[in-house]
Amino acid sequence: MDKNKRTTLDITGMTCAACSNRIEKKLNKLDDVKAQVNITTEQATIDDFKGQYRTNDYVNEIQHLGYDVVKDSIDLTISGMTCAACSNRIEKVLNKMDGVVQATVNLTTEQATVTYYRGVVNSDDFISKIQNLGYDAEVKEGQQQYSNKDKQLKKQFHKLIFSIVLSVPLLMTMLVHLFHLPLPSLLMNPWFQFILATPVQFIIGWQFYKGAYKNLKNGSANMDVLVALGTSAAYFYSIYEMFKWLNHSTHMPHLYFETSAVLITLILFGKYLEAKAKTQTTNALGELLSLQAKEARIVKDGIEKMVPIKDVLVGDHIIIKPGEKIPVDGVIIKGITSIDESMLTGESIPVDKNADDKVIGATINQNGSIIMEATQVGNDTALANIIKVVEQAQGSKAPIQRLADQISGYFVPTVVGIALLTFMIWVTVVHVGEFEPALMAAISVLVIACPCSLGLATPTSIMVGTGRAAEKGILFKGGQYVEETQHIDTIVLDKTGTITNGKPVVTDFDGDTRSLQLLASAENASEHPLAKAIVDYAKGKNLELVDTDEFNAMPGHGISATVDHSTILVGNRQLMTKHQIPLNSHIDEKMTQWELDGKTVMLIAIDDIYQGMIAVADTIKDNAIESIQKLHKMNIDVVMLTGDNNNTARAIAQQVGIDHVIANVLPDEKSDNITRLQKEGRQVAMVGDGVNDAPALVTADIGIAMGTGTEVAIEAADITILGGDLSLLSQTINISQLTMRNIRQNLIWAFGYNIAGIPIAALGLLAPWIAGAAMTLSSVSVVTNALRLKRIIK
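Just so it is clear, the model here is predicted, and its values are computed rather than measured. (Residues numbered from 1 in each chain as written. Predicted model: local features only at pLDDT ≥ 70, side-chain atom pairs only at ≥ 80, totals over all residues. Heavy atoms only, no water.)

## Looking at the overall build of the protein chain
At step 1: Scanning the protein chain for helices and strands turns up 29 helices and 30 strands.
At step 2: Its C-alpha atoms give the protein chain principal-axis dimensions of about 120 × 65 × 65 Å.
At step 3: Counting all 794 residues of the protein chain, 52% fall into the buried class.
At step 4: Restricting to contacts in the protein chain with at least 6 residues of sequence separation, those with at least 24 account for 68%.
At step 5: By element, 54% of the accessible surface of the protein chain is carried by carbon and sulfur atoms, the whole surface being about 36,100 Å².
At step 6: Side-chain charges of the protein chain comprise 69 positive and 85 negative groups, with the mean position of each set lying 8 Å from the other. (Helix = DSSP H or I, 4+ residues; strand = E, 2+ residues; numbered from the N terminus. Buried < 20%, exposed > 50% of the residue type's maximum accessible area, 1.4 Å probe, protein only. Contact = heavy atoms within 4.5 Å. Areas by Shrake-Rupley, 256 points an atom, 1.4 Å probe, with all protein chains shown as cover. Lys, Arg positive; Asp, Glu negative; His and termini not counted. Charge placed at Lys NZ, Arg CZ, Asp CG, Glu CD.)

Quick look at the structure:
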């Protein structure tokens, strides 16, 4: 038998032939392995002649050398899962596949997210593996997921109605037994009951047999096994009694056709309610998808044409008339208008837009026709990224779910064992030799047990919580961040762009016109917000800017530049001291006074001679004071972390009510300060919006990016607040706490229900149909409780 296994990997980080040779040499040291690494294609082809290594073995060797292997991610929709045992089984099998980095399967969303090494496995491999387990799978395609759920729900409803019609006459026979009511003798006829019960058992209930067979065939057991065992026991015992009656007409048969039929109907009813409730948990995503425009009016060669949104390409020119949605992200190339960006920022006041301004897809053009150029389309738009983050959060697992998943894996076999033990005890001890009471007790044990409630306890709450958060402009990147945020006791705020609006203006200038011209010319080469304020100030004085010959930014200190044959230094005291620029007490006194007023002051030196100073102030966000007060009421310590000088920082902090200030912090020192706070035993959330905040966002227990900031900060963060509204910080923590409380309620109910229900059923205190109704109620109640979050998250 040929054991040779060939693996192809895409490698990143190689810069020359020496890199590829190094990797090739390392891989060829493995026993019975022949590897070839191509620097041009950036691929490694590895032949394992004995088939003894897994992809991760090669990846570890490559990563050890400082290179990486390209990963891909894919979302699959899965149908046929009925309980947590199903999703756990699929997840376990996918994670065992060679080349899979991580797979997560969400029972509530009926979705799997698989991260894998490109070239080793693909979507067809995953679909095939899932189908072998007895489920159906396909690559997820946007809104189709939601339309498919509606079709499935309608199909479930029709099956339920059919089952009810056949089961109601059988249910009426219970009334004869319980209340001795006069009913037509036909209802008590064994043949009549058999004719009604058989379609319910084998047509409507076939899904349970099918699911049970596929799970047992793959070495696992789910809720279908319990339902199939319980209903089959009642049905076939009734068949046995019916044959006894045929042979001995004087024998009064003890029929339980109503038990099997009513159980299946009750379980179908519960599944329908559960499915209907679960569709409400995905409403947030459906609403986000509905925000997108369906068509775009593109213009080519002077001809206007309406095209589907999926056909818009980068570079297309699009006409948007008043009242229409912006179809994709882009830049205005002609026209003036106001855009309603409340979808993105939550701010109801329209934003004025001119040529060269960016516009975001799904926002609304209020007035004025504009022509825009598409810059991001399809999955690259802001709305698509928001949807992706929400889907990622709703499909992920919180750490608290692990215990429920572990228990679900052993749940069904344990219940079957308890049912058998119950039957044996009743036959041998409680009612010696009496088969029927033992059978009814065992059936009750089988049907009252509910692994579904355990499996749904966490993901339904996560879905509703993150969906409700998204509606408010808060994007959690995963369930683990929902869980971790509840423990935050310290929030560290960057100043510029977080507490302030990030749009500073010049408030004071002490110097001559020539100094201002050279200063603004030097700052014109910088992208810093303070630089822009100085340039705007100089332009407002009608000064003509001069080209800069040399420019050097010194983070945390200032800039140096050569302008019009003069050397310009602009920055703080440390910069002047370093270049030995003398400062007298009068200069220092004025600078200190401006700083105490909350202004950022920059000293100016031209050709090593002090020429003046300029003060720039950033306006505080309107709701900053109220937002920080809310955090204090939640017993959260608020810290300002800024590169500004101590006087300026403390002036801003005093205005907004922050007691703790860490100032004069260089960009690369921000993460060190976060680490120091963590070593004090604090659970720290860092809030920022700039590139220089990214290391601190990653270091913090929770990184929160303000959505008005840079893409780097948003990418580095665990939570994104769209629009940069500070008041949403307290909302973020509140949503985390409410969601986790809801999850704990669900888990307590799910565990408590099973712990109490199974012994009660084993004692024979519950009729099987009552046990079935209780089982139905348990999973529905978990989903219903999760949906309460929509109301309680204000």
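## Some details on the sheet that holds strand β16 (residues 364-367)
At step 1: The three strands are arranged β14-β13-β16 in an open sheet whose pairing can be described as antiparallel. Every interior strand has two partners, whereas the edge strands, β14 (351-353) and β16, have only one. Strand after strand, the sheet turns through a mean of 40 degrees between neighbouring axes, direction not considered.
At step 2: For strand β13 (residues 337-340) and β16, the ladder comprises three bridges, and the chain directions are antiparallel. When the bridges of β16 are listed, S338 appears paired with N367. (Pairing = 2+ DSSP bridges. Axes fitted to C-alpha atoms, helices over the stretch in contact; angles between N-to-C directions.)

## Topic: the sheet that holds strand β30 (residues 719-721)
At step 1: Spatially, the seven strands line up as an open sheet ordered β18-β30-β29-β28-β19-β26-β27, and their pairing is mixed. The outermost strands of the open sheet, each flanked by one partner alone, are β18 (474-476) and β27 (660-662). Averaged over neighbouring strand pairs, the angle between their axes works out to 20 degrees when direction is ignored.
At step 2: Relative to strand β26 (residues 637-641), strand β19 (residues 490-494) runs parallel, the two sharing five bridges. Looking at the pairing, V492 lines up with V639 of β26.
At step 3: Against the sheet, helix α24 (residues 670-679) contacts β19, β26, β27 and β28 (684-688), and its axis sits at roughly 155 degrees relative to β28.

## Things to note about the UniProt feature "coiled-coil region" (unreviewed entry) in the protein chain
At step 1: Look at the UniProt record and you will see "coiled-coil region" (unreviewed entry) annotated at residues 16-43.
At step 2: With 43% helix and 25% strand, the stretch residues 16-43 has end C-alpha atoms that lie 13 Å from each other. (UniProt positions renumbered as here; feature names shortened; annotations may be inferred.)

## A short note on the nonpolar core
At step 1: Counting residues in hydrophobic clusters, the biggest one holds 136 residues, and the most contacted among them are F126 and L493.
At step 2: Top contributing element to this core by residue count: helix α27 (residues 728-762), with 13 residues.
At step 3: Not counting residues within four places of it along the chain, the set of residues in contact with F126 comprises I74, L76, L94, M97, V100, V114, Y116 and V121.
At step 4: Ranked by size, the runner-up nonpolar core spans 21 residues in total, among them V506, A520, L530 and I559. (Core = buried A, V, L, I, M, F, W, Y, C linked by side-chain atoms within 4.5 Å.)

## Description of the environment of L569
At step 1: Here L569 shows up in strand β23 (residues 566-571).
At step 2: Each C-alpha atom, one on L569 and one on K140, is 57 Å from the other, the two residues being 429 residues apart in sequence.

## Looking at a nonpolar patch on the surface
At step 1: A surface patch of nonpolar side chains, about 450 Å² in accessible area, is lined by F157, I161, I164, V165, V168 and M172.
At step 2: Structurally, V168 can be placed in helix α5 (residues 144-179). (Patch = residues over 30% accessible without salt bridge, like charges linked within 9 Å, V, L, I, M, F, W, Y side chains within 5 Å. Salt bridge = Lys/Arg side-chain N within 4 Å of Asp/Glu carboxyl O.)

## What to know about the pattern of salt bridges
At step 1: On inspection of all chains with the given rule, the structure shows 24 salt bridges.
At step 2: Between K300 and D316 there is a salt bridge; the shortest N-O distance is 3.8 Å. Within this pair, whereas K300 is found in strand β9 (residues 295-300), its partner D316 is found in the loop between β10 (303-308) and β11 (317-320), the two being separated by 16 residues in sequence.
At step 3: Under the relative-accessibility criterion, K300 is labelled partly exposed at 46%.
At step 4: Among the residues examined, D316 registers a relative accessible area of 6% and is labelled buried.
At step 5: Salt-bridge contacts for K630 lead to E626; the nearest nitrogen and oxygen are separated by 3.9 Å. With a gap of four residues between them, K630 and E626 both fall in helix α22 (residues 624-633), about one helical turn apart.
At step 6: The structure contains a network of salt bridges with shared partners spanning D637, R676, E680 and R682.

## Here we look at the packing of aromatic side chains
At step 1: Under the criterion given, the structure shown has 15 aromatic pairs.
At step 2: Arranged with centres 6.1 Å apart and planes meeting at 50 degrees, the rings of Y53 and Y58 form a pair that is tilted.
At step 3: Classification of Y53 as buried rests on a relative accessible area of 14%.
At step 4: On the numbers, 5.7 Å between centres and 20 degrees between planes, the contact of F202 with Y209 is stacked.
At step 5: Overall, Y209 belongs to the buried group, its relative accessible area being 18%.
At step 6: Through a chain of ring-to-ring contacts, three or more aromatic side chains come together here, namely W191, F194, F202, W206, Y209, Y235, F236 and F257. (Phe/Tyr/Trp six-rings, centres within 6.5 Å; stacked < 30°, edge-to-face > 60°.)

## With respect to the pairing of β19
Consecutive side chains of a regular strand alternate in pointing toward one face of the sheet and then the other.
At step 1: The buried count for β19 comes to five of five residues, which makes it a mostly enclosed element.
At step 2: Residues T490, V492 and D494 of β19 are buried on one face, and the alternating residues I491 and L493, pointing to the opposite face, are buried as well.
At step 3: Sheet analysis places β19 next to β28, joined by four bridges and oriented parallel. If you follow T490 over to β28, its bridge partner there is V684.

## As for helix α4 (residues 123-132)
Side chains that are three or four residues apart share a direction in an α-helix, a result of its 3.6 residues per turn.
At step 1: For α4, the full list of buried residues reads S123, F126, I127 and I130. In an axial view of α4, the angular spread of the buried residues amounts to 95 degrees, which keeps them on one side of the axis.
At step 2: Of the surrounding elements, those touching the buried residues of α4 are β5 (71-79), α3 (84-96), β6 (100-106), β7 (111-117) and β8 (136-139).
At step 3: For α4, the side-chain oxygen to backbone nitrogen distance between the N-cap and D124 is 3.1 Å, and the N-cap itself is N122.
At step 4: Directly beyond the C-terminal end of α4, a positive phi value near 100 degrees is found at G134. (Arc of directions from axis to C-beta. Polar contact = N/O pair within 3.5 Å; in protein donor to acceptor, adjacent residues only side chain to side chain.)

## Observations regarding the UniProt feature "transmembrane region" (unreviewed entry) in the protein chain
At step 1: Under the UniProt annotation, the feature "transmembrane region" (unreviewed entry) is placed at residues 160-179, 191-209, 221-240, 255-273, 410-432, 438-458 and 746-763.
At step 2: End C-alpha to end C-alpha, residues 410-432 measures 31 Å, and it is 91% helix and 0% strand.
At step 3: Strand forms 0% of residues 438-458 and helix 90%; the C-alpha atoms that close the span are 35 Å apart.

## Quick notes on the pairing of β6
At step 1: Burial analysis of β6 places five of its seven residues in the buried class, which makes it a mostly covered element.
At step 2: Hairpin connection, β6 to β7: the antiparallel pair is bridged by four residues, and E110 has positive phi, about 55 degrees.

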